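# An overview of the molecular structure
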Amino acid sequence: MKRDFLNISDLNRDEIFQIIEYAVKLKKGEIKDQTLKGKSIGLIFMKPSTRTRLSFEVGVYQMGGQPIYIQGSSTQMSRGEDIKDTGRVMSRYLDGIVIRTYSHSEVEELSRYFDKPVINALTDYLHPCQILADLQTIYERLGKIEGIKVAFVGDGNNVANTWLIAGGLVGFNVSVATPEGYEPSGKAVYEAFKLSEKSGAEIQITNDPVEAVKEADVVYTDVWVSMGQEGEKEKKELFKGFTVNSDLLSHASKNVIVMHCLPAHKGEEITEDIFEKYSDVIFDEAENRLHAQKALMSLLFK
Ligand code: CP
Ligand code: NVA
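Scoring rules and cut-offs
Residues numbered from 1 in each chain as written. Chains lettered and ligands numbered in written order. Predicted model: local features only at pLDDT ≥ 70, side-chain atom pairs only at ≥ 80, totals over all residues. Heavy atoms only, no water. Near = heavy atom within 4 Å. Polar contact = N/O pair within 3.5 Å; in protein donor to acceptor, adjacent residues only side chain to side chain. Areas by Shrake-Rupley, 256 points an atom, 1.4 Å probe, with all protein chains shown as cover. Nonpolar A, V, L, I, M, F, W, Y, C, P; charged D, E, K, R; others polar. Domains from an automatic or database assignment. Helix = DSSP H or I, 4+ residues; strand = E, 2+ residues; numbered from the N terminus. Buried < 20%, exposed > 50% of the residue type's maximum accessible area, 1.4 Å probe, protein only. Lys, Arg positive; Asp, Glu negative; His and termini not counted. Salt bridge = Lys/Arg side-chain N within 4 Å of Asp/Glu carboxyl O. UniProt positions renumbered as here; feature names shortened; annotations may be inferred. Pairing = 2+ DSSP bridges. Contact = heavy atoms within 4.5 Å. Buried area = accessible area lost by both parts, 1.4 Å probe.

### Side note on the site of ligand 1
All residues in the neighbourhood of ligand 1 are listed as Ser49, Thr50, Arg51, Thr52, Arg100, His127, Gln130, Cys261, Leu262 and Arg289. At 2.9 Å from a nitrogen atom of ligand 1 is found a main-chain nitrogen or oxygen belonging to Cys261. Arg289 places a side-chain nitrogen or oxygen 3.1 Å from an oxygen atom of ligand 1. Protein coverage of the free-state accessible area of ligand 1, which is 250 Å², stands at 95%. For the shell around ligand 1, a count of residues per class yields two nonpolar, five polar and three charged. Counting only domains with at least three residues in the shell around ligand 1, you end up with domain 1 (33–124) and domain 2 (130–286).

Okay, here's the thing in structure tokens:
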């Protein structure tokens, strides 16, 4: 049975901790994992990327495999070849696919027609590889994940949706504050609440950033305008008050850490001084994309 990673909840709680611990060992150089020896992994990108593309290309190579970067616009998909045929063709060549695209349902469809693992490298709905690396970063910084409070402030986008589901699954508290009309997806909120019945996580959705960051151990933000939403620039006016700055952070826990998935638009979702103050954490997140994804691939491709 092939295993995909389309949603953070495609892993169970124990597997998430297993991946984090393995990623920490890979990072320290304690293990050299060659799970991808002789395997070719297609990296399909329909949107731009710096971190995700590089960390997967380097990660696949370090694990003995061949990464093949496939820019969406250079394929027949850009001329209308459907996912059903693309998936069946790719099954004949590739051992795995990493895909970044717009609609989440396209990735689900690709998974139905591709007979080996598919990894979600960001859709409009979710960004699970990011949150896996962020959980590693939190584990390294705070020494624990369960029971902490993560406050997400900004746009209720793919990253916010994934935080909610991750909290419900693993058992940490997540509070998401967005302006009215920019709340996270109802589907993600529902999944988070469902999962929290078992894990005991507290899930909160609010339009008040001060309420969200109260006693938070982690304050997290992301761009106000995500890829594919560039036409929505006027929404920046509505996001006033949702900037992560020193005033807002005065309501968080004394030892709060600030995280950002990058790229950042300094002066919008985060002030430059706060970004620089927490830049060690933020660039650790970027580095951990490499280690966490290698640990993930080791599990999926075994
Ligand atoms: N955080 C993240 O996914 O970055 P890229 O868009 O550069 O891949
Ligand atoms: N929400 C952002 C994340 C970028 C990594 C986007 O989708 O553009």
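### Here's the deal with the environment of Asp14
Inspection of the secondary structure assignment puts Asp14 in helix α1 (residues 13–28). Taking C-alpha positions, Asp14 is 8.5 Å from Val170, a pair spaced 156 residues apart along the chain. In this structure the side chain of Asp14 is engaged in a polar contact, spanning 2.9 Å, whose partner is the side chain of Arg13.

### Side note on the side chain of Asp222
Summarising the element assignment, Asp222 is placed in the loop between β8 (218–221) and α9 (246–249). One buried charged residue, Asp222, remains without a salt bridge, the closest side chain of opposite sign being Arg51 at 9.1 Å.

### Comments concerning the UniProt feature "domain: Aspartate/ornithine carbamoyltransferase carbamoyl-P binding" (unreviewed entry) in the protein
As recorded in UniProt, the feature "domain: Aspartate/ornithine carbamoyltransferase carbamoyl-P binding" (unreviewed entry) lies at residues 3–140. Structurally, residues 3–140 comprises 43% helix and 14% strand, and the distance from its first C-alpha atom to its last is 27 Å.

### Some remarks on the site of ligand 2
Taken together, the residues surrounding ligand 2 are Leu122, Asn157, Asn158, Asp222, Val223, Ser226, Met227 and Leu262. Asn158 places a side-chain nitrogen or oxygen 2.8 Å from a nitrogen atom of ligand 2. A distance of 2.8 Å is found between an oxygen atom of ligand 2 and a backbone nitrogen or oxygen belonging to Met227. Bound to the protein, ligand 2 loses 95% of the 270 Å² it would expose on its own. For the shell around ligand 2, the residue count by class is four nonpolar, three polar and one charged.

### Observations regarding the pairing of strand β9 (residues 257–260)
Neither face of β9 is left uncovered, since the one carrying Ile257 and Met259 and the one carrying Val258 and His260 both have all their residues buried. Bridge analysis of β8 against β9 gives four bridges, and the strand direction is parallel. Along β9, the bridge assignment pairs Val218 with Ile257.

### Description of the domain arrangement of the protein
The domain boundaries assigned to the protein delineate domain 1 (33–124) and domain 2 (130–286). The straight-line distance from the C-alpha centre of domain 1 to that of domain 2 is 27 Å. On the side of domain 2, seven residues touch domain 1, which itself brings eight residues to the contact. Of the roughly 620 Å² buried between domain 1 and domain 2, counting both surfaces, carbon and sulfur atoms make up 57%. When the buried area of domain 1 at its contact with domain 2 is split by residue, Arg51, Leu122 and Asp124 rank highest and sum to 60% of it. Scanning the region where domain 1 abuts domain 2 turns up zero salt bridges. When the residues that make up the side of domain 1 that touches domain 2 are grouped by side-chain class, the tally is three nonpolar, one polar and four charged.

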